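The residues making up each chain are set out below.
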Amino acid sequence: MRAGSVEPGLCPWHLSITRSNQHSSDWPRSTMGSRSAATVPATTPELLIIASGNPSKVAELQAMLAPVQLRVQQQPKGIDIEETGSTYLENARLKAAEIARLTGHWTLADDSGIAVDALGGAPGLYSARYGSSNDERIGRLLRELGNAPYRSASFHSAVAVADPHGEIKLEAEGICRGEILTHATGQNAGYDSIFWVREAACTYAAMNQHQRSKLGSRGKAMRQIAQRMRELFGV
């Protein structure tokens, strides 16, 4: 399999978070050592787990990791990590650490949300829970914002990378500033369809991969992570 490709799921895997110290016998354990990156480069991982069950997100993160040339795979099925952090970075750390301990592999996790200035930063950490569907979430945000002339907002993303023991080794954050439109432009694009990015002269949903990597909040965080991973692994 070529470097940087997403490998299909190895097997269905159902584990409770309360069993985070146990490992499935069907999941290959990492053979990496625990040398400190502060003294010598860490061994390049045989596999990097993306702490997400969303194939589209995994593909986007994989593309942003292209300079590192790692074999990437989405997290096993049946895992649901509760996001109890008080910041995006805390949630990213939590997911990366738990999935790393469960799988025994290096793991990358992210957390993101949209903050609307006129709503005091809402929905923020609760962006995904602002409704039961994209339409409900967008509808609620637009109703609460109403006809407010001040419509500035920002996408926030945080990324964390944990070693196979669940210790956080890398982290970064990115912000993309924009403004909220009065109606959605497109379908099934979530908040992206109402978020106008002036530098791109289009909505977040309409940005291509290059624009997302350069201007997007996740792209800004992942550029930092990719560079630091190359330094950490000496590649």
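A quick note: this is a predicted structure, and the numbers were derived from the prediction, not measured. (Residues numbered from 1 in each chain as written. Predicted model: local features only at pLDDT ≥ 70, side-chain atom pairs only at ≥ 80, totals over all residues. Heavy atoms only, no water.)

### Considering the sheet that holds strand β3 (residues 106-116)
The strands making up a sheet associate through hydrogen bonds between their backbones, and the pairing can be parallel or antiparallel. Read across the sheet, seven strands follow the order β2-β1-β3-β4-β5-β6-β7 without closing on themselves; strand pairing throughout is mixed. In this open sheet, the two edge strands, each paired with only one partner strand, are β2 (72-74) and β7 (202-203). Pairing of strand β1 (residues 48-50) with β2, which is carried by three bridges, proceeds in the parallel orientation. Across the sheet, the residue bridging to Ile-49 is Gln-73, located in β2. Where helix α5 (residues 217-233) meets the sheet, it contacts β1, β3, β4 (152-162) and β5 (168-180), and its direction lies at approximately 160 degrees from that of β5. (Pairing = 2+ DSSP bridges. Helix = DSSP H or I, 4+ residues; strand = E, 2+ residues; numbered from the N terminus. Contact = heavy atoms within 4.5 Å. Axes fitted to C-alpha atoms, helices over the stretch in contact; angles between N-to-C directions.)

### What to know about the packing of helix α1 (residues 55-64) against α5
At a closest axis distance of 9 Å, the pairing of α1 and α5 adopts a crossing angle of 50 degrees. As summarised for this structure, α1 and α5 are arranged oblique, according to the angle between their axes. Where α1 crosses over α5, the handedness of that crossing is right-handed. Contacts between α1 and α5 involve Lys-57, Glu-60, Leu-61 and Met-64 from the first element and Arg-218, Gly-219, Met-222 and Ala-226 from the second. (Parallel < 35°, antiparallel > 145°, perpendicular 65-115°, else oblique. Left-handed = near helix turned anticlockwise from the far one by under 90°.)

### Here we look at the layout of surface pockets
Estimated volume of the largest pocket: approximately 1,200 Å³. For the largest pocket, the lining is made up of 39 residues, of which Asn-54, Lys-57, Ser-112, Ala-128 and Arg-218 are closest to its centre. Looking at the lining of the largest pocket, the elements that each hand over two or more residues are α1, α2 (88-103), β3, α3 (134-145), β4 and α5. Residue contributions to the lining of the largest pocket peak at five residues, all from β3. When grouped by side-chain class, the residues that make up the lining of the largest pocket number 12 nonpolar, 14 polar and 13 charged. (1 Å grid on protein atoms, 1.4 Å probe; cavity = no way out; pocket = protein on both sides within 12 Å on 5 of 7 lines; lining within 4 Å. Points joined across faces, edges and corners; volume = space filled by probe spheres on them. Nonpolar A, V, L, I, M, F, W, Y, C, P; charged D, E, K, R; others polar.)

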